[in-house]
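Reading the structure
The chain contents come next:
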Amino acid sequence: MGFVTACDSGGGDVLQAPTDEPTDPDTGSGGGDETPIDSDRGTPELPPGTTTPTPNTQIVRREAQDEETGGGYATNIEYRNDQGQDEFFVDNIAFDGNNVYTRGDPVTGVAQLGSFGVYEGAETTEDPVTGNTLSTFTYRAIYGRSDSGQTEFAIVRSGSYIDYGFGGFVYQRNGLDNDGNQVRLILPTEGDGRYLGDYAGIRIFDGRDGLEFVDGEAEMYVDFKDFNEGQRGVALFVNDRRLYNAAGVDITREYLDALNVDGGGGEDSGPTLIEDTDAQGNPVLPTIRPVISPDDADPNGEIAGEIFEVTEFEEEDSSISSNNSGEGTYYAIMSGDTASEIVGVLVMTGDDPRFDGTTFQETGGFIVYRQ
């Protein structure tokens, strides 16, 4: 189902930062404080949000506020479409106009990445005293909601800083689905499950300004019977990622050429980047892969794990070498009577091969369905 269809299908839940209200076990509504969860579930820790999660209640998680990188400053994120306006409200971010983000222009920008919508902060604002028009910073948001309305996510990032700048993300399992039914999780204890769905993200940089978009396919595997003692094995892959500039132009080829040179390749000598293509023959970025750990998932359906991007090169003697071109963390929540869907967000950083002394931060969201 496309993004517009999903938004028009009902559900009244909005993405928002956690509140101090306790969770209601009957309705699944409520939130929690913004203190990171202190638990013995292992590393990485879950982001701030719902303090008393259960399999049968709403769970909201938001990016932890980081004064050094600017992450986690976006708060009170709401998607508004009760009157067909198809817009976002984002609080606590300076120089983004009147806090309202509208759907991207499909001609001059990006309006859609897979099944997820893309939104733009206002380019100008008006001084209420003088009436003068003032320029604002560049902010973009990505919003995804599942077909059922059980899960959703939002990501906000800026391209106007020479470091990562201010932004934030939220992902959640809702209290009610599109039909008004209470959302719950019945976590299987047997068998394995495979999940597929869309992935979309925003890249920002430390060392230069600007932003880029990325989309691809998320693939997850869950072993519901192992590890023992109620733990589950989880693996996340993100395949067929393609890179776009802020105007929506595909720049994957340019990036891969730089990655090849950065890795020592080229036409004359040295190792050569081993490239992948999607089903249509388009060049794609290296696959994001998981680090498997016994404490990735808990009984509430919450998942947190480490990821890395691997680039492979063919040496002159035909041997294969590889190195990590990115690494980070992903967070996710399962939902449904048969653990039928999973929503999540990942944050990955790495060196940008096109610019000396520049690193990228890719924040992407995904919703996957059991196959």
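Everything discussed here concerns the structure shown above.
Now for a description of the structure that goes with this document.

Rules of the game
- Residues numbered from 1 in each chain as written.
- Predicted model: local features only at pLDDT ≥ 70, side-chain atom pairs only at ≥ 80, totals over all residues.
- Heavy atoms only, no water.
- Helix = DSSP H or I, 4+ residues; strand = E, 2+ residues; numbered from the N terminus.
- Buried < 20%, exposed > 50% of the residue type's maximum accessible area, 1.4 Å probe, protein only.
- Contact = heavy atoms within 4.5 Å.
- Phe/Tyr/Trp six-rings, centres within 6.5 Å; stacked < 30°, edge-to-face > 60°.
- Lys NZ or Arg CZ within 6 Å of the ring centre and 35° of its normal.
- Salt bridge = Lys/Arg side-chain N within 4 Å of Asp/Glu carboxyl O.
- Pairing = 2+ DSSP bridges.
- Patch = residues over 30% accessible without salt bridge, like charges linked within 9 Å, V, L, I, M, F, W, Y side chains within 5 Å.
- Areas by Shrake-Rupley, 256 points an atom, 1.4 Å probe, with all protein chains shown as cover.
- Lys, Arg positive; Asp, Glu negative; His and termini not counted.
- Charge placed at Lys NZ, Arg CZ, Asp CG, Glu CD.

Bringing the overall build of the protein chain into the picture now. Helices and strands together make up the secondary structure of the protein chain, namely two helices and 22 strands. Relative to its 371 residues, the protein chain shows a buried fraction of 53%. For the protein chain, the share of sequence-separated contacts (at least 6 apart) that also reach a separation of at least 24 residues comes to 59%.

What the rule picks out here adds up to 13 aromatic pairs. Each residue in the set Tyr73, Phe95, Phe137, Tyr161 and Phe166 is aromatic and connected to the rest through ring pairs, giving one cluster. Here Arg203 stacks its cationic end above the ring of Phe360, 3.8 Å away from the centre of that ring. Arg208 extends its terminal NZ or CZ atom over the ring of Phe205, reaching a point 3.8 Å from the ring centre.

If charged atoms from side chains of opposite charge come close, those side chains can pair. Taken as a whole and assessed by the stated rule, the structure comprises 19 salt bridges. Arg242 serves as the salt-bridge partner of Asp250, at 2.6 Å between the closest nitrogen and oxygen. With relative accessibility at 32%, the residue Asp250 sits in the partly exposed group. Among the salt bridges present, the one from Asp257 reaches Arg253, with a minimum N-O distance of 3.1 Å. Separated by four residues within a single helix, Asp257 and Arg253 lie in helix α2 (residues 252-262), roughly one turn from each other. When its relative accessible area of 36% is taken as the criterion, Arg253 is described as partly exposed.

Before going further, it helps to examine the pairing of strand β20 (residues 320-335). For strand β19 (residues 302-314) and β20, the ladder comprises 13 bridges, and the chain directions are antiparallel. The partner of Ala304 across the bridge, within β20, is Tyr331. Counted between consecutive antiparallel strands, the loop separating β19 from β20 contains five residues, among which Ser318 sits at a positive phi close to 75°. Taking the residues that link successive antiparallel strands as the turn, the β20-strand β21 (residues 341-351) hairpin has five residues, and the phi of Gly336 there is positive, at about 110°.

Judged by side-chain charge, Glu217, Asp240, Asp276 and Glu312 come together as a negatively charged surface patch. By the element assignment, Asp276 lies in strand β16 (residues 276-277).

For the rest of this paragraph, the subject is the environment of Asn300. One can find Asn300 in the loop between β18 (288-290) and β19. Spatially, the C-alpha atom of Asn300 lies 5.1 Å from that of Thr54, the residues being 246 residues apart in sequence. Those residues in contact with Asn300, other than ones at most four positions away along the chain, are Pro53, Thr54, Pro55, Ile59, Arg173 and Leu185.

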